[in-house]
Amino acid sequence: MALKVNERVFPGVAAVLGAVFACLFVLCLAGPIWAAPAWAGPQALLISSYHPGFPTFFRQIEGIESVLDPAGVDLDVEYMDSKRFDSPEDVRAFRDMLAEKLARLPRYDIILTADDNALRFAVANRKDLFPDAPVVFFGVNDQTLAHAQGNDDNFTGVIEAVSMEGTLRTIFRLQPKVRSVYAVVDGTTSGGADLLTYLSKRPLFPDRKLAVLSLTDLTWAGLAGRTRALGPEDAILLLSAYRDAAGEPVDFEEGLRRILGNTEVPVYDLWEHGLGLGAVGGKIVSHFEQGRRAARMALDILRGTPVRDIPVVEGTEANRYVFDYRVLSRFHLDPDDLPAGSRILNRPDSVWRAHKFGLSLGLGTVVVLAVLVFLLLAYVSRLRRARIGLRESEERLQMSLEATSDGLWDWSMDSEKVYFSPGYFTMLGYEPGAFPPAYESWLELLHPDDRDRAVDVVTAHVLSGEEFRTEFRLRNRDGGWTWVMARGKTIEWARDGHPLRVVGTHTDITDRKLFEERLVRAKEAAEAANRVKDEFIANISHEVRTPLNGVMGMLQLMQTSGLNDEQRDYVDTALHSSRNLLRVLNDLLDFSKIQAGKLDIREAPFDLAGLVEESLDFFKLQAGGKDLELRADIDPSARKSYLGDAGRIRQILFNLVGNAVKFTDRGTISVEACELWHSRPGRKRLLFTVRDTGIGIAEKDLSRIFAPFSQVDGSLTRTYQGTGLGLPIVRKLVDLMGGNCEVESEPGKGTAIRFILVVGEHAGAADAADAAPGTAECRPLRLLLVEDERVNRVMARRLLERMGHTVVEAENGQECLTLLRDHPFDAVLMDVQMPLLNGLDATHAIRIAREFSHVATIPIIGLSAHAARQDRNRALEAGMNEYLVKPFEKADLERALRKVVFII
């Protein structure tokens, strides 16, 4: 298809040039045209702590009016004059006067306050004077007061804070020889606040002296004597000078004049009103900028933005570096040494600065004209080259269509004619021209299952003009199906918006589709294998836990019998080894849950100090065998209750302390904990450190200690055994609890592992049911033990009898129900997996069957070797009150009974 070129290009270019010249003429002659205010009539009231003669007042007003005047907001001002009249009687008189005015005037839409006293006045009297009006403050030095208002939905504003550090660094940059800076300050409240800021910067400049000349101790004459004695290695920083030790008051200009008249060293300033009076400058507080920012906040509120959505602006954000060129020249200070972006006042104007606008406009006009002439010449040249290139492009296009494996189609919708490129036919195995070039040919080739969807996609995108991409199957010459990805777009439209021409391509994606199908099958096979692995681990865990429960139970029974020291050592060692085996089982289960994304975190109250002590107690036997000291160092801030998953935190500590004991032969193992701040209300961060004096870890091995099944020493002759799952589980648990962990270690000197967890605040004490066993005695109970496995039944019965309880046995759920019909019991210990009637069904019958209504609320403790969270949930949903995972400790059994029977 040939490209049609518009031969009438030059008249169009002339029209464009004419329009451009007309615009330039208008820009040269027309002045700025301001839009009318968005609305008329809003009323604003400014309550100023100052009086009109105060040096900052008019700069603040200029900043406010630069925003409010163009918006059509009327501004009234009331002066407290609290710098001169600040007694409670003066404040009450101002309040009475303002109340009288407000009673006669229309309601103000918004209130602005300038300086600390005006904000305090607004906070104290807002409910009485202007209860419905939002308040925007600025010029406030008391940051505590200002931030406190940020919590009120009716207050926001701009804090005023001096840029002390920036000004000091500028002094030492401009005058490298200065060794001492003398701050002049008086006894005013704002002066005292700035003095504290000044003194706090001393550690930043250890090789400089930051001294003070205080008018609380000096008269004006005394200050003059001190400043006259200063030399070339000194500078003065003016903080505040309104009243001397004798009580003589002066205004700002007079105070600055007295200082400048009695010194030969530069005087730097932190305030906008000191510029132009002889001060060098500095990073100044711009009262104009503060007024402007406060007015913009007020305007946003008037336009509907809620006050709570406008945050308080920190003071230093409104500060700028500003300096007086005349003072810089007087003291031979180089303006090139000033901080980047500094503003310099009173700099002599150059020709460029004097006629900047006119020169810029003229230069811009010349540049625009030159560019237009260049573009015109370039356009003519390009048009000539385009005609030549068009023929070459058509030739290359034809060769590309013949060579490519993609099929090109061009659909003229008004004539229903379609062009199919040779590659379109050969992609499907046909000879070019094997079927008619028509829309119906494409429809006949479409797979029946894909036809409706493909037609809908093409029709919708053709009408909208958007580029489309879809996939479908087309019948090939062999009778099979070829997967095709179609792309297309409407490129020509009628005047009424009807699409006329659509072009696009077809690409063979059969190989990709076959590959995707193989990937899906491989993924399904991997998921099936993973499910088999999880089921295998769960079954192995159950089958090992059941006999292990009997072993651990019998060992605990032996501990309570009369053993000599040697026998007791044997029993303790066997019990410890059983517990280590249980840890391996738990790690395998947890790692399987982590891989499946099923490891849950729950929140419940727990006592942090008790949890840490309990974790250390578990390792006393091992530590005693190595003569190691176990130590808990809990910061007072963390000796309280929190909301979190105590079991998972205990698991983290068990893994880390267990590793520390394993790899430490002498010295100390400590667990440290403290509380850290969290940005979310009601949440806290807990920082734990597990520190040992063991063998340490080489730096090259630190990167892989958290990898699953990884050992630093993986040889067959390694000294320390383990599965390599402990630390990977620790990292995942820490991640799930919103924290992170890091390792610090040095070979031969020990290891410190730190981790942070996010927990909830808890006002009360930890759940009494989680308290350590043995802290209180429970009364003897009559218990029904339902357990089909004989060893476990004997072990559980002996443990319960050693606790002082009476036990009746049943071998399955059916016997349990028979005994419950006619015999009273205080609680039931129910195995879950049993023949005839399992524990879940038996529990369900007890809870809902009418014949068991007399025992429907009896406490039931589930016993099972299934340790997954879903197993526990199923037991609780069936009606069980508590769930113990086999093998369980005697302490676990006591705690469970105490919890469900509520006897202490």
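1. Regarding the pairing of strand β8 (residues 234-238)
With 5 of its 5 residues buried, β8 lies for the most part within the structure. Side chains of β8 alternate between two faces, with Asp234, Ile236 and Leu238 and Ala235 and Leu237 buried alike. Sheet topology note: the strand β6 (residues 180-185)/β8 ladder contains 5 bridges and is parallel. Bridge pairing links Tyr182 to Ile236 in β8.

2. Points about the packing of aromatic side chains
Tallied over the full model, the rule gives 21 aromatic pairs. Judged by centre distance (4.8 Å) and plane angle (10°), the ring pair of Trp411 and Tyr439 falls under stacked. Separated by 28 residues along the polypeptide, Trp411 in strand β13 (residues 407-412) and Tyr439 in helix α15 (residues 439-445) bring together distant segments of the chain. Classification of Trp411 by relative accessible area gives buried; the value is 10%. Ring geometry for Tyr424 versus Phe435: centroids 6.4 Å apart, planes at 70°, classification edge-to-face.

3. Description of a negative patch on the surface
A contiguous patch of negative charge, built from Asp414, Glu416, Glu440, Glu444 and Glu492, is present on the exposed surface. Its location among the elements puts Glu440 in helix α15.

4. Overview of the sheet that holds strand β12 (residues 343-345)
Strands sit in the order β10-β11-β12 across an open sheet of 3 strands; the sheet is mixed. Pairing within the sheet leaves two strands with one partner each, and these edge strands are β10 (281-285) and β12. Averaged over all pairs of adjacent strands, the angle between strand axes in this sheet comes to 35°, irrespective of strand direction. Examined bridge by bridge, strand β11 (residues 319-324) and β12 share 3 bridges and lie parallel to one another. Opposite Asp324, over in β12, you have Leu345 as the bridge partner. With respect to the sheet, helix α6 (residues 164-174) is in contact with β10 and β11, its orientation differing from that of β11 by roughly 35°.

5. Considerations on unusual backbone geometry
Cis geometry marks the peptide bond from Lys886 to Pro887, where omega comes out at -5°. Following the sequence through the fold, Pro887 ends up in the loop between β29 (882-885) and α27 (890-901). The residue Asp81 is not glycine, and still its phi comes out positive at about 55°. Take Asp81: it is sitting in the loop between β2 (74-79) and α3 (88-104). What makes Asp81 buried here is its relative accessible area of 10%. One non-glycine residue, Asp115, lies in the positive phi region at around 85°. Here Asp115 is to be found in the loop between β3 (110-114) and α4 (116-129).

6. A look at the side chain of Asn476
Relative to the helices and strands, Asn476 resides in the loop between β15 (468-475) and β16 (481-493). For Asn476, a relative accessible area of 14% translates into the label buried. A distance of 3.1 Å separates a polar side-chain atom of Asn476 from the backbone nitrogen of Asp478. Once residues lying within four places of it in the same chain are set aside, the contact partners of Asn476 are Leu428, Tyr430, Trp481 and Thr482.

7. Thoughts on the nonpolar core
Counting 39 residues, the largest nonpolar core has Leu608, Ile652, Leu653, Phe688 and Phe755 as the members making the most contacts within it. Element by element, the count of residues in this core is highest for helix α21 (residues 646-662), at 9 residues. Formed by 29 residues, the second largest nonpolar core is a distinct cluster that contains Val162, Trp271, Val327 and Leu338.

8. Some words on the packing of α3 against α4
Running from N to C, α3 and α4 cross one another at 35°; their axes reach a closest spacing of 12 Å. Between α3 and α4 lies a crossing whose hand is right-handed. In this structure, α3 uses Val91, Phe94, Arg95, Leu98, Ala99 and Leu102 to contact α4, whose residues at the interface are Phe121, Asn125, Asp128 and Leu129. Of the residues contributing to the contact of α3 with α4, the split by class is 7 nonpolar, 1 polar and 2 charged.

9. Digging into the confidence of the model for the chain
Confidence along the chain averages 82 in pLDDT terms, with 83% of residues attaining 70 or more. Within the model, the stretch residues 1-14 combines pLDDT values under 50 with 14 contacts to residues more than four positions away or in other chains. Confidence over residues 768-776 falls short of pLDDT 50; this stretch has 13 contacts with residues more than four positions distant or in other chains.

10. Overview of a nonpolar patch on the surface
On the surface, a nonpolar cluster with roughly 480 Å² of combined accessible area is contributed by Leu363, Val367, Val371, Phe374 and Leu375. Its location among the elements puts Leu375 in helix α13 (residues 356-403). Classification of Leu375 by relative accessible area gives partly exposed; the value is 47%.

11. A short note on the pattern of salt bridges
Close approach of charged atoms allows side chains with opposite charge to pair. For the structure on display, the rule yields 49 salt bridges. In this structure, Glu289 engages Arg320 in a salt bridge whose closest nitrogen and oxygen atoms are separated by 3.8 Å. A residue pair is termed long-range when its members are at least 10 positions apart, and Glu289 in helix α10 (residues 287-302) and Arg320 in strand β11 qualify at 31 residues. A residue is classified by how much of its surface remains accessible, and Glu289, at 8% relative accessible area, is buried. Accessibility expressed as a relative area gives 38% for Arg320, which makes it partly exposed. Each of Arg793, Arg797, Glu801, Glu809 and Glu811 takes part in a single network of salt bridges with overlapping partners.

Quick notes on the rules
- Residues numbered from 1 in each chain as written.
- Predicted model: local features only at pLDDT ≥ 70, side-chain atom pairs only at ≥ 80, totals over all residues.
- Heavy atoms only, no water.
- Buried < 20%, exposed > 50% of the residue type's maximum accessible area, 1.4 Å probe, protein only.
- Helix = DSSP H or I, 4+ residues; strand = E, 2+ residues; numbered from the N terminus.
- Pairing = 2+ DSSP bridges.
- Phe/Tyr/Trp six-rings, centres within 6.5 Å; stacked < 30°, edge-to-face > 60°.
- Patch = residues over 30% accessible without salt bridge, like charges linked within 9 Å, V, L, I, M, F, W, Y side chains within 5 Å.
- Areas by Shrake-Rupley, 256 points an atom, 1.4 Å probe, with all protein chains shown as cover.
- Salt bridge = Lys/Arg side-chain N within 4 Å of Asp/Glu carboxyl O.
- Lys, Arg positive; Asp, Glu negative; His and termini not counted.
- Charge placed at Lys NZ, Arg CZ, Asp CG, Glu CD.
- Axes fitted to C-alpha atoms, helices over the stretch in contact; angles between N-to-C directions.
- Contact = heavy atoms within 4.5 Å.
- Polar contact = N/O pair within 3.5 Å; in protein donor to acceptor, adjacent residues only side chain to side chain.
- Core = buried A, V, L, I, M, F, W, Y, C linked by side-chain atoms within 4.5 Å.
- Left-handed = near helix turned anticlockwise from the far one by under 90°.
- Nonpolar A, V, L, I, M, F, W, Y, C, P; charged D, E, K, R; others polar.
- pLDDT = per-residue confidence, 0-100.

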